[in-house]
Amino acid sequence: MSAATYTIEGRTGPWELVIGLEVHAQVISKAKLFSGAATAFGAEPNTQVSFVDAGFPGMLPVINRECVAQAVRTGLGLNAEINLWSRFDRKNYFYADLPQGYQISQYAHPIVGRGAVEIELADGTTRRIGITRLHLEQDAGKSLHDQHPTKTFVDLNRAGIALMEIVSEPDMRSPEEAGAFLAKLRQIMRYLGTCDGNMEEGSLRADVNVSVRRPGEGYRTRCEVKNINSIRFVMQAIEAEARRQIAVWEEGGEVEQETRLFDTARGLTRSMRSKEEAHDYRYFPDPDLPPLVLDPAWVEELRRTLPELPDQRKARYMREFGLPAYDASVLVAEKETAAYFEEVARGRDPKLAANWVMGDLFAALNRTKRTIADPPVSARDLGALLDLITDGTLSGKLAKEVFEAMVETGRPPAAIVEERGLRQVTDAGAIEAAVEKVLAAHADKVAEYKAGKEKLFGFFVGQVMKAMAGKGNPALVNAALKRKLG
Amino acid sequence: MRPTDLTIAGALEALGRRALSAEELTRAHLEAIEALNPRLNALITVTAEQALAQARESDARRTRGEARPLDGIPLAIKDLFCTAGVRTTAASRILHNFVPPYESTVTAQLRRDGAVFLGKANLDEFAMGSSNLTSAFGPVENPWSRRNDPETRLVPGGSSGGSAAAVAARMALGATGTDTGGSIRQPAAFCGIVGIKPTYGRCSRYGIVAFASSLDQAGPFARTVEDCAILLRSMSGHDPKDSTSAEVPVPDFAAACRRGVRGLRIGVPKEYRLDGMPAEIEALWRQGLEWLRAEGAEPVEISLPHTQYALPTYYIVAPAEASSNLARYDGVRYGLRVAAPDSDLRDMYERTRAAGFGQEVKRRIMIGTYVLSAGYYEAYYLKAQKVRALIARDFERAWERVDAILTPATPSAAFAMGERTDDPVTMYLNDVFTVTANLAGLPGLAVPAGLDAEGLPLGLQVIGRPFDEETVFAVGAALERAADFKALPRVRAGA
Amino acid sequence: MSLDTATVRRVAALARIRLEEAEVARLQAELNGILGWIEQLRSVDTEGVEPMAGGAPRGGPTRMPMREDVVTEGNIRELILANAPDREGDFFAVPKVVE
């Protein structure tokens with residue numbers, strides 16, 4: 001547990017935050033939840049639409065098995081109960097991009113029940129955040145409001161794509177925790193391959209429930225800030241909404257339960273245009289769909305074939321590779337980073353591999369603005385570089401030089417070593433000759449050294465290395481100098 | 001015999017021995033339609049050219065020796081079944097111009113088996129009604145009329161009123177219908193023909209404009225029990241496009257018509273003896289039991305104690321589902337749109353739906369919206385689902401003692417167009433005997449069994465176990481043989 | 001339970017059906033007639049009864065069938081848009097929505 005509770009200092013004293021998240025995650029599948037239309041991002045408008053998706057008369061939904069499997073996998077990844085019996089309900093409301101006039105969702109009986117994830121905070125502490133439920137539902141289409149002066153355009157490509165709505169318990173107490181929770185969810189789903197977590201393309205969106213209270217109090221009224229599409233904005237929106245609520249309470253007002261939007265430009269939340277009526281979704285079981293009944297053996301099969309999850313992988317790195325917790329966390333943060341690291345580390349010193357990945361590689365990614373999925377140096381080449389260090393071909397210093405050349409040219413280390421003649425000199429005769437030459441040229445310094453000015457040793461090393469164009473094996477050069485200087 | 005007076009079985013036989021061509025048969029029916037439809041208004045859309053083309057293809061197949069089970073049989077299709085390239089209206093202004101680019105599974109299967117489609121039959125708007133008076137394309141007239149009052153125009157029943165009237169008037173050899181609370185059986189009874197609502201899940205609902213998804217079932221109309229059996233076989237079967245479609249084999253229903261009823265126990269539910277039920281209906285019911293007893297069946301009095309709650313249950317469940325199913329008619333993607341120059345989206349919705357839906361449809365959408373709304377869901381909708389479970393359980397218990405159940409099909413014969421229209425609830429009582437089979441998902445068949453004092457047909461209903469249409473056909477055929485119903489409607493082809 | 005005119009208007013608004021003033025009283029009477037008739041369900045003892053959600057009888061499907069994750073539909077934009085009351089390019093068009 002973190003030591004101190006996060007508070008915001010108001011005019012009248014400190015306030016705590018209570019935060020819960022509802023996350024909408026687009027399921028990775030080829031076809032939509034209830035139709036055979038494609039889900040690919042960025043298609044021409046209204047090309048990935050079936051008559052089912054467009055809500056044509058007499059069209060009926062038939063569920064996609066893979067979407068169900070993805071929800072179960074995600075549930076398992078969230079350490080949650082899998083409900084073998086669940087049901088789909090209709091959520092009725094009118095909107096231009098909701099073709100059926102209702103969304104098929106799971107209201108009373110979701111496919112996944114209670115679970116929990118552990119988040120890690122910057123100070124190294126961890127917290128458990130409860131998962132209330134996960135359910136499957138249809139996404140809506142897209143309304144474009146800026147294409148025409150008097151009309152809104154509707155594209156139904158997204159209509160009917162499977163979403164997972166993941167609801168957390170109101171367990172978070174700071175913007176940082178909410179950010180960490182969302183990052184953790186995204187990480188788990190990426191590991192599972194159930195959601196690509198791409199917030200820019202809208203495949204992961206969050207609604208945030210925020211309330212404030214005096215330390216020790218029960219819950220006060222909460223507000224929902226809808227449809228936030230980045231982790232940074234989630235954290236900013238929470239902070240802004242909490243401050244707004246504190247101001248309302250401190251001025252003697254009442255926070256009203258409502259839905260708000262986060263204005264990213266101004267960093268403030270604002271009330272959604274007041275509805276003429278309260279929402280009344282008139283949920284009822286969808287009569288087109290019998291219950292969703294899962295075969296326990298199938299769920300077991302999904303559990304057995306689940307990939308290694310970030311927490312497990314981190315533990316393994318610490319256990320098997322002896323990596324410190326921090327390094328392990330950094331390496332498992334992205335599935336692709338972990339995969340890169342493991343390829344570099346395979347059959348090599350894992351600590352050396354971790355240092356190179358987290359140090360030189362990350363720096364190179366930053367500098368070249370590339371990602372781990374498209375790195376300037378492949379894991380295989382970095383592994384080969386490490387081998388050249390281990391077998392003494394390259395010194396640490398030379399290796400860094402070779403690595404920089406690899407980043408620039410994209411060529412494998414052996415080729416660079418050959419081309420540039422960077423191979424380290426370990427031939428004792430050549431080193432001895434270089435040492436003798438240097439000592440002879442600096443007889444005066446040798447005399448000073450022998451008279452007790454021992455710090456001149458470094459000077460001799462430098463001169464020998466310079467004479468050998470930096471390629472002398474440092475250990476051998478040292479040994480030879482020590483011997484000659486007596 | 002006129003081609004229009006043939007049964008489907010008889011027509012298939014005549015086509016088979018080349019005594020008649022499909023084109024001749026279709027032409028005869030198109031002529032009947034041309035002559036009678038202006039008066040009866042049974043069809044909203046007539047697809048004469050398409051029908052003739054289909055008939056010629058049928059003749060060609062037969063010549064090649066590739067005849068299919070229904071090859072060349074001209075049918076009317078209730079205008080609730082989507083037919084690719086042919087306007088499908090649901091008898092609503094809101095779909096007045098809708099041309100579906102896809103075909104319902106049931107009609108696709110009928111086409112697969114060689115049937116010829118004459119046109120799209122009139123109905124109550126969105127299948128909501130028992131009179132065909134709610135159609136946006138005008139009422140259908142029942143081809144029957146009262147013996148002593150031939151001028152008073154009667155309703156054909158509903159919602160599949162156009163289908164029933166077309167078959168009774170010899171404008172088609174058979175027709176498709178849908179039945180949500182009695183919409184096949186009540187018009188069949190009113191028009192003196194046979195109609196069956198099969199078990200829920202027997203026919204795919206894919207491509208049928210939805211009214212109430214948990215109650216809607218497609219089924220056939222024809223003038224004999226055997227003809228219905230022949231049509232149902234083509235219409236039935238598992239469809240992966242409908243998640244509620246049952247994966248059960250499709251038997252030879254026509255063969256079951258010849259089984260006889262010896263040894264069958266026939267349930268007589270005492271709760272169906274209504275106060276104020278016309279004596280002639282009561283008498284016909286008793287007569288039906290006697291006929292079956294004479295054929296070796298055993299009448300058994302049973303109790304279906306929750307029967308009296310079936311209609312109120314239905315009038316919660318069906319409108320609730322309808323209010324949601326009809327939300328898609330919003331003027332955005334197809335159908336009618338009505339907007340003022342300054343309409344926003346919401347105003348466009350409200351104007352479109354106000355202009356596009358008729359009074360009965362609006363009433364039911366309002367009721368359905370209300371019973372699902374916050375604070376009322378449990379008192380109405382959930383309660384109705386529980387009573388529905390009790391009604392289904394009543395039948396489950398009855399099946400321990402009987403093999404089929406016999407009831408009157410309707411509480412009266414066809415009524416006049418002006419009658420019973422003021423009070424919706426009075427109109428709803430038409431379905432009192434039929435609605436239980438929808439709530440419990442059971443097959444029910446209406447068969448004409450006699451005439452009332454005014455010379456109007458009266459029907460009996462046979463209800464069967466789930467997926468046991470065969471016994472229903474066996475009992476229906478036995479009643480048909482015994483009743484030997486020969487009366488003809490005044491308005492019919494060749495009359 | 002009896003509907004007042006405000007409820008009739010609220011329900012019509014929820015259902016997106018425009019009501020003319022003259023219709024409200026008539027609908028109110030009709031709906032109250034129907035609801036009053038439906039009220040009789042209250043007297044049924046449903047203690048411990050599982051609600052029947054779908055229409056399937058015994059022998060029908062008790063669980064939803066599942067489709068494989070295969071793209072089988074799409075690229076029918078012209079058919080999807082063919083019936084549109086208002087079409088702008090490749091989109092459905094509706095009166096502008098102000099967010």
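Residues numbered from 1 in each chain as written. Chains lettered and ligands numbered in written order. Predicted model: local features only at pLDDT ≥ 70, side-chain atom pairs only at ≥ 80, totals over all residues. Heavy atoms only, no water.

Trainee: With reference to specific residues and values, describe the overall build of chain B.
Mentor: In terms of helices and strands, chain B carries 16 helices and eleven strands. For a compact globule of 495 residues, the expected C-alpha radius of gyration is about 23 Å, and chain B comes in at 21 Å, within 12% of that figure. Principal-axis analysis of the C-alpha atoms places the extent of chain B at approximately 65 × 55 × 50 Å. In chain B, which comprises 495 residues, the share counted as buried stands at 70%. Considering only contacts in chain B between residues 6 or more positions apart, those separated by 24 or more positions represent 77%. Carbon and sulfur atoms form 48% of the exposed surface of chain B, whose accessible area is close to 14,400 Å². Both charge centroids of chain B, one from 56 positive and one from 58 negative side chains, sit 2 Å from each other. (Helix = DSSP H or I, 4+ residues; strand = E, 2+ residues; numbered from the N terminus. Rg over C-alpha atoms; globule rule 2.2 N^0.38 Å. Buried < 20%, exposed > 50% of the residue type's maximum accessible area, 1.4 Å probe, protein only. Contact = heavy atoms within 4.5 Å. Areas by Shrake-Rupley, 256 points an atom, 1.4 Å probe, with all protein chains shown as cover. Lys, Arg positive; Asp, Glu negative; His and termini not counted. Charge placed at Lys NZ, Arg CZ, Asp CG, Glu CD.)

Trainee: Give a description of the overall build of chain C that names residues and reports values.
Mentor: What chain C contains, in helices and strands, is three helices and three strands. In chain C, the succession of α and β elements from N to C terminus is α-α-β-α-β-β. Seen through its C-alpha atoms, chain C measures out along the principal axes to roughly 55 × 50 × 25 Å. Here chain C holds 99 residues, and the buried ones make up 49% of them.

Trainee: So what about the interface of chain B and chain A? Which residues, and what values?
Mentor: Counting residues at the interface gives 39 residues for chain B and 31 residues for chain A. Taken together, both faces of the contact between chain B and chain A bury some 2,900 Å²; the carbon and sulfur share is 58%. One can count one salt bridge joining chain B with chain A. Here A:Asp288 ties to B:Arg205 by a salt bridge, and the two come within 3.0 Å at their closest N and O atoms. Counting across the interface, chain B meets chain A through 16 residue pairs in polar contact (both at pLDDT 80 or more). Residue assignment for the side of chain B that touches chain A shows that the elements contributing at least two residues are helix H10 (310–325), helix H11 (345–356), helix H12 (359–372) and helix H13 (378–398) of chain B. (Buried area = accessible area lost by both parts, 1.4 Å probe. Salt bridge = Lys/Arg side-chain N within 4 Å of Asp/Glu carboxyl O. Polar contact = N/O pair within 3.5 Å; in protein donor to acceptor, adjacent residues only side chain to side chain.)

Trainee: Lay out the interface of chain C and chain B in plain terms, naming residues and giving numbers.
Mentor: At the junction of the two partners, chain C supplies 56 residues and chain B supplies 70 residues. Counting the surface lost from both chain C and chain B, the interface buries some 5,400 Å², and carbon and sulfur atoms represent 69% of this. Linking chain C to chain B there are four salt bridges. Between B:Arg363 and C:Glu30 there is a salt bridge, with the nearest N and O atoms lying 2.8 Å from each other. Along the contact surface separating chain C from chain B lie 13 residue pairs in polar contact (both at pLDDT 80 or more). Broken down by secondary-structure element, the contributors of at least two residues to the side of chain C that touches chain B are helix H1 (5–14), helix H2 (21–38), helix H3 (77–81) and strand S3 (91–95) of chain C. Per-element tally for the side of chain C that touches chain B: the top contributor is H2(C), with ten residues.

Trainee: Give me the sheet that holds strand S5 (residues 89–92) of chain A: which residues, what numbers.
Mentor: Pairing in this open sheet of three strands is antiparallel, and the strands run S6-S5-S16 (chain A) from one edge to the other. The sheet terminates laterally at strand S6 (102–105) and strand S16 (284–285) of chain A, the two strands that pair on one side only. Sheet topology places S5(A) next to S6(A); four bridges connect them, and they run antiparallel. Looking at S6(A), one finds that A:Asp89 is bridged to A:Ser105. Sheet contacts for H10(B): S5, S6 and S16 of chain A; angle to S5(A), the most-contacted strand, approximately 60°. (Pairing = 2+ DSSP bridges. Axes fitted to C-alpha atoms, helices over the stretch in contact; angles between N-to-C directions.)

Trainee: Any chance you could break down helix H7 (residues 225–235) of chain B for me, citing the residues and the numbers?
Mentor: Residues and elements named next belong to chain B. With nine of eleven residues buried, H7 is to be regarded as a mostly interior element. Listing the buried residues of H7 in full gives Val225, Asp227, Cys228, Ala229, Ile230, Leu231, Leu232, Ser234 and Met235. One or two residues past the end of H7 sits Gly237, with phi positive at roughly 125°.

Trainee: Before we move on, could you go through the pairing of strand S10 (residues 444–451) of chain B and cite the residues and values that matter?
Mentor: All names here are of chain B. Summarising burial for S10: seven of the eight residues are buried, a large majority. Bridging between strand S5 (residues 194–197) and S10 involves three bridges; their strand directions are antiparallel. Following the sheet pairing, Ile196 is matched in S10 by Leu445. Examined bridge by bridge, S10 and strand S11 (residues 457–464) share seven bridges and lie antiparallel to one another. Considered in S11, the bridge of Leu445 is made with Val462. Connecting S10 to the next strand, S11, in antiparallel fashion are five residues, including Gly455 with a positive phi near 85°.

Trainee: Talk me through the pairing of strand S9 (residues 404–408) of chain B; I want residue IDs and the actual numbers.
Mentor: Residues and elements named next belong to chain B. For S9, the buried fraction is high: five of the five residues fall into the buried class. Pairing between strand S7 (residues 265–269) and S9: two bridges, direction parallel. Paired with Gly267 across the strands is Ile405, a residue of S9. Summarising the sheet, S9 and S11 pair through five bridges and their orientation is antiparallel. Across the sheet, the residue bridging to Ile405 is Ile463, located in S11.

Trainee: So what's going on with the state of the cysteines? Which residues, and what values?
Mentor: Residue and element names in this part refer to chain B. Evaluation of the coordinates by the stated rule reveals zero disulfides over all chains. Cys191 takes part in no disulfide bond, and the closest cysteine sulfur to it belongs to Cys228, at a distance of 13 Å. No disulfide involves Cys257; its sulfur sits 8.8 Å from the nearest other cysteine sulfur, which is in Cys228. (Disulfide = S-S within 2.5 Å.)

Trainee: Can you tell me about the UniProt feature "active site" (unreviewed entry) in chain B, naming the residues and giving the values?
Mentor: Residues and elements named next belong to chain B. The UniProt feature table records "active site" (unreviewed entry) at Lys78, Ser159 and Ser183. Of the residues just listed, which span 106 residues, no C-alpha pair is farther apart than 11.1 Å, and they cluster in one region. Once residues lying within four places of it in the same chain are set aside, the contact partners of Lys78 are Lys120, Ala121, Leu123, Ala127, Ser159, Ser160, Ser163, Thr176, Gly177, Thr178 and Ser183. Within the secondary structure layout, Ser183 lies in the loop between strand S4 (174–179) and helix H6 (185–191). (UniProt positions renumbered as here; feature names shortened; annotations may be inferred.)

Trainee: Any details on the pattern of salt bridges? Residues and values, ideally.
Mentor: If you walk through the whole model with that rule in mind, you get 86 salt bridges over all chains. The residue A:Glu320 makes a salt bridge to A:Arg319 at a minimum N-O spacing of 4.0 Å. Measuring nitrogen to oxygen at the nearest pair gives 3.8 Å for the salt bridge that ties B:Arg233 to B:Asp252. Of the two residues, B:Arg233 sits in helix H7 while B:Asp252 sits in the loop between H7 and helix H8 (253–256), which places them 19 residues apart along the sequence. Judged by relative accessible area, which is 42%, B:Arg233 ranks as partly exposed. Where salt bridges share partners, they join A:Glu308, A:Arg313, A:Arg316, A:Arg319, A:Glu320 and A:Glu342 into one cluster.

Trainee: Could you give me a rundown of the nonpolar core, with the residues and numbers involved?
Mentor: Counting 222 residues, the largest nonpolar core has B:Phe126, B:Phe395 and B:Phe473 as its most contacted members. At eleven residues, H13(B) tops the list of elements feeding residues into this core. Here B:Phe126 is in contact with B:Leu80, B:Ala90, B:Ser92, B:Ile94, B:Leu95, B:Val209, B:Phe211, B:Leu326, B:Tyr329, B:Phe357 and B:Val361, once residues within four sequence places are set aside. Residues A:Ile19, A:Ala69, A:Tyr191 and A:Tyr317 belong to the second largest nonpolar core, which totals 113 residues. (Core = buried A, V, L, I, M, F, W, Y, C linked by side-chain atoms within 4.5 Å.)

Trainee: Mind laying out unusual backbone geometry, listing which residues take part and the relevant values?
Mentor: Along the chain, B:Gly158 connects to B:Ser159 via a cis peptide bond; the corresponding omega equals 10°. Located in the positive-phi region is A:Arg282, a residue other than glycine, with phi close to 50°. Relative accessible area serves as the criterion here: at 6%, A:Arg282 is assigned to the buried category. The residue B:Arg170 is not glycine, and still its phi comes out positive at about 65°. B:Arg170 sits in the buried class, given a relative accessible area of 11%.

Trainee: Run through helix H1 (residues 65–77) of chain A, naming residues and quoting values.
Mentor: Each full turn of the α-helix corresponds to 3.6 residues, which orients residues three or four apart in the same direction. Residues and elements named next belong to chain A. Between the first and last C-alpha of H1 there are 18 Å, a value that for 13 residues agrees with the 18 Å anticipated at 1.5 Å per step. Listed in full, the buried residues belonging to H1 are Cys67, Val68, Ala69, Gln70, Ala71, Val72, Arg73, Thr74, Gly75, Leu76 and Gly77. The N-cap residue of H1 is Asn64: its side-chain oxygen and the backbone nitrogen of Glu66 are 2.9 Å apart. Once H1 ends, the next one or two residues include Asn79, with phi positive near 55°. (Expected span 1.5 Å × (residues − 1).)

Trainee: Which residues make up the packing of helix H14 (residues 457–467) of chain A against helix H15 (residues 474–485) of chain A, and what values go with them?
Mentor: Residues and elements named next belong to chain A. Relative orientation of the contacting elements H14 and H15 amounts to 125°, with a least axis distance of 10 Å. Between H14 and H15, the crossing angle belongs to the class labelled oblique. H15 is crossed by H14, and the crossing has right-handed handedness. For the pair H14 and H15, contact is made by Phe457, Phe460, Val461, Val464 and Met465 and by Pro474, Val477, Asn478, Leu481, Lys482 and Leu485, respectively. (Parallel < 35°, antiparallel > 145°, perpendicular 65-115°, else oblique. Left-handed = near helix turned anticlockwise from the far one by under 90°.)

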